[in-house]
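Chain and residue survey
In case you want the letters, here they are:
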Amino acid sequence: MHTLRYTIRRWQPHRLQTITSLISVNIKMEYSVQLTFREQWLDERLKFDDIGGRLKYLTLTEANRVWMPDLFFSNEKEGHFHNIIMPNVYIRIFPYGSVLYSIRISLTLACPMNLKLYPLDRQVCSLRMASYGWTTADLVFLWKEGDPVQVVKNLHLPRFTLEKFLTDYCNSKTNTGEYSCLKVDLLFKREFSYYLIQIYIPCCMLVIVSWVSFWLDQGAVPARVSLGVTTLLTMATQTSGINASLPPVSYTKAIDVWTGVCLTFVFGALLEFALVNYASRSADRAADMHRENMKKKRREMEQASLDAASDLLDTDSNATFAMKPLVRHPGDPLALEKLRQCEVHMQAPKRPNCCRSWLSKFPTRQCSRSKRIDVISRITFPLVFALFNLVYWSTYLFREEEED
């Protein structure tokens, strides 16, 4: 009985794969892909006679009939083969010993993401294939020359765009040796239009609606309180919904800055009404005290006048008074002189001044302090929010993501 022994020297399988669909890239820092995976290697033990070129290749459907490289996907979380209606796999053996293995698989792969610029970010997700047990002294993976990775033309993702992909090598060294590894880097760009419609525009609308209270009368307490509390709760609910759809990270994201500032503006509008209400009540108390003081002084003056009149009547009860006629006689020089002193001098009306009319909106009296706060808020809040938008979009649209 003879025993045949084969020594594996240095196999060089070639890799070729077609990405048929990218199902999703989700918030769990993973992505799902469906691909047709092909690998080809040369096994001289499988050479056979092609019968004068009439036999091109042999086809097998059971992979355990031939030796295969021990390849695995190093960043895989879960995966499965396709068996409907028949197993989607075949093995072709060519006359000169070349073996082509093709299989259709679906994978869920880990994709660590940097979300500092979310949702204005780009992400790089990798597909890593390595040898599990054979070191580079026995097995080396190589990309096939030409076009090793193919992507279908109608590939579409709901929230991402696949900008490009790159092939590279990622050999790893451990205490048991060096292992061959291949990788494909997929560069995804997040579609910003979805977030613009779903997050940014609604937040702007909530902030603008909170400013409506500045134009309401300061006495309309129920209306202003209801408007401020409603916008604040809506903004807080939207912020919580956004954070619930993202993984918890230790750094601040671009969307956190936006929602935080919008929430601050809405809360500031509510605090502005509290300040207006306090100033209005302070002015009312001051006016009431002033009226009470004026009434008290008026009563004291009336009482003093009555006391003086009573004293005068008591002391001069027998005196006679000479009554002057009320009718002015013509030619009376004294009356003419008094008439000249009482003439009213009319002045021509002045032309209105734009700056003075605008400044007149800022009253300086104590009773109008609350109105002045509202008028200042109507100008200050929109200007500060516009400045924030300028700084925000300038920073995040033109800043390049830092490389590790």
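Below or above, wherever it landed, is the structure these notes cover. (Residues numbered from 1 in each chain as written. Predicted model: local features only at pLDDT ≥ 70, side-chain atom pairs only at ≥ 80, totals over all residues. Heavy atoms only, no water.)

1. Focus: the overall build of the protein
Here is the rule: The way it works is that DSSP assigns letters per residue, a run of H or I at least four long becomes a helix, a run of E at least two long becomes a strand, and they are numbered from the N terminus. Each residue is placed in one exposure class: buried if its accessible area under a 1.4 Å probe, protein chains only, is under 20% of its type's maximum, exposed if it is over 50%, and partly exposed if it falls in between. Contacts are assigned to residue pairs with any non-hydrogen atoms lying within 4.5 Å of each other. Note that accessible areas follow from Shrake-Rupley with a 1.4 Å probe, and for residues the cover is restricted to the protein chains shown.
The helix and strand tally for the protein stands at six helices and 14 strands. For the protein, buried positions account for 33% of its 404 residues. The contacts in the protein between residues at least 6 apart in sequence include a share of 76% that link residues at least 24 apart. Accessible surface for the protein amounts to roughly 27200 Å². Of this, 59% is attributable to carbon and sulfur atoms.

2. Brief notes about the packing of aromatic side chains
Which entries qualify depends on this criterion: Note on aromatic pairs: the rings of Phe, Tyr and Trp (six-membered ring only in Trp) are paired at centre separations within 6.5 Å, and the planes decide the class, stacked below 30 degrees, edge-to-face beyond 60, tilted for the rest. For a Lys NZ or an Arg CZ to count as sitting over a ring, it must be within 6 Å of the ring centre and within 35 degrees of the ring normal.
Considering all chains together, one arrives at 26 aromatic pairs under this definition. Sitting over the ring of Tyr-251, Lys-116 keeps its end group 5.9 Å from the ring centre.

3. Re helix H1 (residues 192-210)
Stated precisely, the cut-off is as follows: To estimate how far a helix should reach, multiply one less than its number of residues by 1.5 Å. The quantity called bend is, for any residue, the angle between two axes fitted respectively to the seven residues ending at it and the seven beginning at it.
The end-to-end C-alpha separation of H1 is 26 Å, in line with the 27 Å expected for 19 residues at 1.5 Å each. Remark: the principal bend of H1, roughly 30°, maps to Tyr-200, with a proline, Pro-202, within the next four residues. Restricting attention to buried positions, one finds in H1 the residues Tyr-195, Ile-199, Tyr-200, Cys-203, Leu-206, Val-207 and Ser-210.

4. Description of the nonpolar core
Basically, it comes down to this: Each nonpolar core is a collection of buried residues, namely Ala, Val, Leu, Ile, Met, Phe, Trp, Tyr and Cys, held together in the definition by side-chain atoms within 4.5 Å. What marks off one domain from the next here is an automatic or database domain assignment.
Of all hydrophobic cores here, the largest spans 63 residues; its most connected members are Tyr-31 and Trp-258. Looking at this core, the element that brings in the most residues is helix H3 (residues 254-315), giving seven residues. Three or more residues apiece are contributed to this core by two domains, here domain 1 (14-190) and domain 2 (194-288 + 379-399).

5. Digging into the pairing of strand E2 (residues 30-42)
Quick note on the threshold: At least two DSSP bridges between two strands are needed for those strands to be called paired.
The buried count for E2 comes to ten of 13 residues, which makes it a mostly enclosed element. Sheet topology note: the E2/strand E7 (residues 98-110) ladder contains 13 bridges and is antiparallel. Across the sheet, the residue bridging to Tyr-31 is Leu-109, located in E7.

6. Describing the environment of Gly-219
Along the chain, the position of Gly-219 falls in the loop between H1 and helix H2 (221-244). With 58 residues separating them along the chain, Gly-219 and Asn-277 place their C-alpha atoms 8.2 Å apart.

7. Quick word on the state of the cysteines
Test applied: Only a pair of cysteine sulfur atoms within 2.5 Å qualifies as a disulfide here.
Inspection of the entire model under this criterion finds two disulfides. For Cys-111, the disulfide goes to Cys-125, at an S-S distance of 1.9 Å. As the torsion about the S-S bond is roughly -80°, the Cys-111-Cys-125 disulfide counts as left-handed. Pair noted here: Cys-111 is in the loop between E7 and strand E8 (122-131) and Cys-125 is in strand E8, with a separation of 14 residues, a long-range link. With respect to burial, Cys-111 and Cys-125 carry one shared label: buried. Residue pairing for Cys-170: its cysteine sulfur links by disulfide to Cys-181, the two sulfurs lying 2.0 Å apart. Linking Cys-170 and Cys-181, the disulfide has an S-S dihedral of approximately -55° and is accordingly described as left-handed. You can see Cys-170 sitting in the loop between strand E11 (160-169) and strand E12 (172-174) and its partner Cys-181 sitting in strand E14 (residues 181-190), a full eleven residues away along the chain.

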